[in-house]
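Architecture at a glance
One letter stands for each residue in the lines below.
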Amino acid sequence: MPELPEVETVRTGLTNLVEGSTINRVEVIYPKMINVAPEVFKNSLAGRKIIKIDRRGKYLLFRFDNNITLVSHLRMEGKYDVETEGTAPGKHTHIIFHLNDDRELRYNDSRKFGRMYLIHNGEEHTLSGLGTLGPEPTEQDLTFEYLKKIMNKSRGKIKPFLLNQSHLAGLGNIYVDEVLWMSKIHPETTTSLISDDEIKSLRNNIIEEMKNAIKGHGTTVHSYSNAYGEAGQFQDKLKVYGRKGQPCFRCGSKIEKTVVAQRGTHFCPKCQIKVIK
DNA sequence: AGAGATGTTAAGCG
DNA sequence: TCGCTTAACATCTC
């Protein structure tokens, strides 16, 4: 379940492996994964060189030398791997990019939730998810003023608010539970009732958590692995996620697990007090 | 064997 | 029009 730090780890790995490589030929095994006809997809990428791999939120952006960008979202289970040409593809391999050096870049996805979109450079805003993405969770992009403004007018619960990628980009279920625990905010707290001091703390924790998780090469909870098939290390640093029934690291109370906005949600019932309208 | 897990978005509602 | 909620997507794990 890749969130921003995991996608960033994948981006770094793929940059090392295939940046500068040229695609000879593309195989589309599962056409529902892409937003154009398979023939258009193949013809647009055949013979093109990958000049850069960028990231925006949880989206990977492969830049090609013909002003085309391949936008890739891994959703729940998407993974890339690079193998020698001719080795048997996995059961869940849906797209194969044959490179010009006896290697293949493969996209694997056991749930088939991942999506790829082919666009002309500059058309990012036309895609439904990418086009409405909020700021990156960084010191520069996620300002206190912006966060305060959108939080003050939101009447919903803070957890789904933070999961909404149009508010800010990159957080998923795991990191939202983590930053709310760090900020001592209950996941069901009404967003507009959160004080300025708490917003400041929440903002700092989001920015720090993303930085640290990237440094730890992401979190492997279920099945995430980077382009080298390696697991992340950050799961060892998690404070609440997956710790149901275990003692809170701050106060010793048992961590509880409930469902908020259809998501498994972990919190400390003593440290994180619910404030609702 | 059936429930649960997970990210995103279209559709529905007020 | 906007913001929030719900369901759907597809498959594997427990």
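These numbers were taken from a predicted model, which means no experiment stands behind them. (Residues numbered from 1 in each chain as written. Chains lettered and ligands numbered in written order. Predicted model: local features only at pLDDT ≥ 70, side-chain atom pairs only at ≥ 80, totals over all residues. Heavy atoms only, no water.)

Thoughts on the nonpolar core
So the rule is basically this: Remark: nonpolar core denotes a set of buried residues (Ala, Val, Leu, Ile, Met, Phe, Trp, Tyr, Cys) joined through side-chain atoms within 4.5 Å. For each residue, the accessible area found with a 1.4 Å probe, counting protein chains only, is set against the maximum for its type, and the residue is called buried under 20%, exposed over 50%, and partly exposed in between. Helical segments are the DSSP runs of H or I of at least four residues, strand segments are the runs of E of at least two, and each set is numbered from the N terminus. Contacts are assigned to residue pairs that have any heavy atoms within 4.5 Å of one another.
Formed by 29 residues in total, the largest nonpolar core has its most connected members in Phe41, Phe62, Tyr80, Ile95, Phe97 and Met116. Residue contributions to this core peak at four residues, all from helix H1 (residues 4–18). With residues up to four places along the chain from it excluded, the contact list for Met116 reads Met33, Ile34, Asn35, Phe41, Leu70, Val71, Ser72, Tyr80, Ile95, Phe97 and Tyr107. Of all hydrophobic cores here, the second largest spans 23 residues; its members include Phe144, Ile158, Phe161 and Leu180.

As for the side chain of Ser154
Mapping Ser154 onto the fold places it in the loop between helix H3 (144–152) and helix H4 (158–163). Owing to a relative accessible area of 14%, Ser154 belongs among the buried residues under this scheme. With residues up to four places along the chain from it excluded, the contact list for Ser154 reads Phe161, Thr190, Thr191 and Ser192.

Some thoughts on the pairing of strand S3 (residues 59–64)
The line we're drawing: Pairing between two strands is assigned when DSSP locates at least 2 bridges connecting them.
With six of six residues buried, S3 lies mostly within the body of the structure. Burial along S3 is two-sided: the residues Tyr59, Leu61 and Arg63 and Leu60, Phe62 and Phe64 are all buried. Note: strand S2 (residues 50–56) against S3, six bridges, orientation antiparallel. For Arg55, the partnering residue across the bridge sits in S3 and is Leu60. Between S2 and S3, which pair antiparallel one after the other, the connecting turn spans two residues, and Gly57 there sits at a positive phi close to 60 degrees. Both S3 and strand S4 (residues 68–73) contribute to a ladder of five bridges, which runs antiparallel. When the sheet's bridge partners are listed, Leu61 is paired in S4 with Val71. Where S3 hands over to S4, the hairpin turn is made up of three residues, of which Asn67 adopts a positive phi near 65 degrees.

A look at the protein's contact with DNA strand B
Going by this rule: The criterion for a residue being near a molecule or strand is simple. One of its heavy atoms has to lie within 4 Å of it. Contacts described as polar in this section are N or O atom pairs within 3.5 Å, which, within protein, must combine one atom able to donate a hydrogen with one able to accept it, while residues neighboring in sequence count only if both atoms come from side chains. Basically, the charged four are Asp, Glu, Lys and Arg, the nonpolar ten are Ala, Val, Leu, Ile, Met, Phe, Trp, Tyr, Cys and Pro, and anything else, Gly included, counts as polar.
Around DNA strand B lies a shell of 18 residues, among which His73, Met76, Arg111, Gly129 and Tyr241 are the nearest. Contact between DNA strand B and Arg75: a base nitrogen at 3.2 Å from a side-chain N or O atom of the residue. For the surface near DNA strand B, the residue count by class is five nonpolar, seven polar and six charged.

Some words on the confidence of the model for chain A
Reading predicted coordinates in detail is not appropriate for stretches of low pLDDT. Selection rule: Every residue is assigned a pLDDT by the predictor, reflecting its confidence on a scale from 0 to 100.
Residues of chain A with pLDDT of at least 70 account for 92%, and the chain-wide mean is 87. Averaged pLDDT values over the elements of chain A bottom out at 87 in strand S9 (residues 256–260) and peak at 95 in strand S1 (residues 23–28). Across residues 221–231 the pLDDT falls below 50, and counting only partners more than four positions away or on other chains, this stretch makes 34 contacts in the model.

A few points about the UniProt feature "binding site: DNA" (unreviewed entry) in chain A
Note the threshold: UniProt positions are given in the numbering used here, feature names are shortened, and annotations may be inferred rather than shown by experiment.
The UniProt feature table records "binding site: DNA" (unreviewed entry) at His92 and Arg111. Spanning 20 residues, the annotated positions come together in the fold, the maximum distance between their C-alpha atoms being 8.4 Å. Among the secondary structure elements, His92 is positioned in the loop between strand S5 (79–84) and strand S6 (93–99). If sequence neighbours within four positions are ignored, His92 has contacts with Tyr107, Asn108, Asp109 and Ser110. Examined against the element boundaries, Arg111 turns out to sit in the loop between strand S7 (103–108) and strand S8 (115–120).

Here's the deal with H1
Rules: By definition here, a helix of n residues has an expected span of 1.5 Å times n minus one.
Between its first and last C-alpha atoms H1 spans 20 Å; for 15 residues at 1.5 Å apiece the expected length is 21 Å, and the two agree. Across the 15 residues of H1, 12 count as buried, placing the element largely inside the fold. Buried within H1 we find Leu4, Pro5, Glu6, Val7, Glu8, Thr9, Val10, Arg11, Gly13, Leu14, Thr15 and Val18. Among the residues trailing H1, Gly20 stands out with phi positive, at a value near 95 degrees.

Some points on the domain arrangement of chain A
Where we set the bar: Segment limits for the domains were obtained from an automatic or database-derived domain assignment.
By the assigned domains, chain A splits into domain 1 (4–132) and domain 2 (144–267). Spacing between the C-alpha centres of domain 1 and domain 2 amounts to 28 Å.

A word on the side chain of His94
Looking at the element boundaries, His94 is found in strand S6. Here the side chain of His94 touches His92 through a polar contact of 3.1 Å, landing on its backbone oxygen. Excluding its chain neighbours within four sequence positions, the residues that come into contact with His94 are Glu27, Val28, Ile29, Tyr30, Met33, Tyr107, Asp109 and Lys112.

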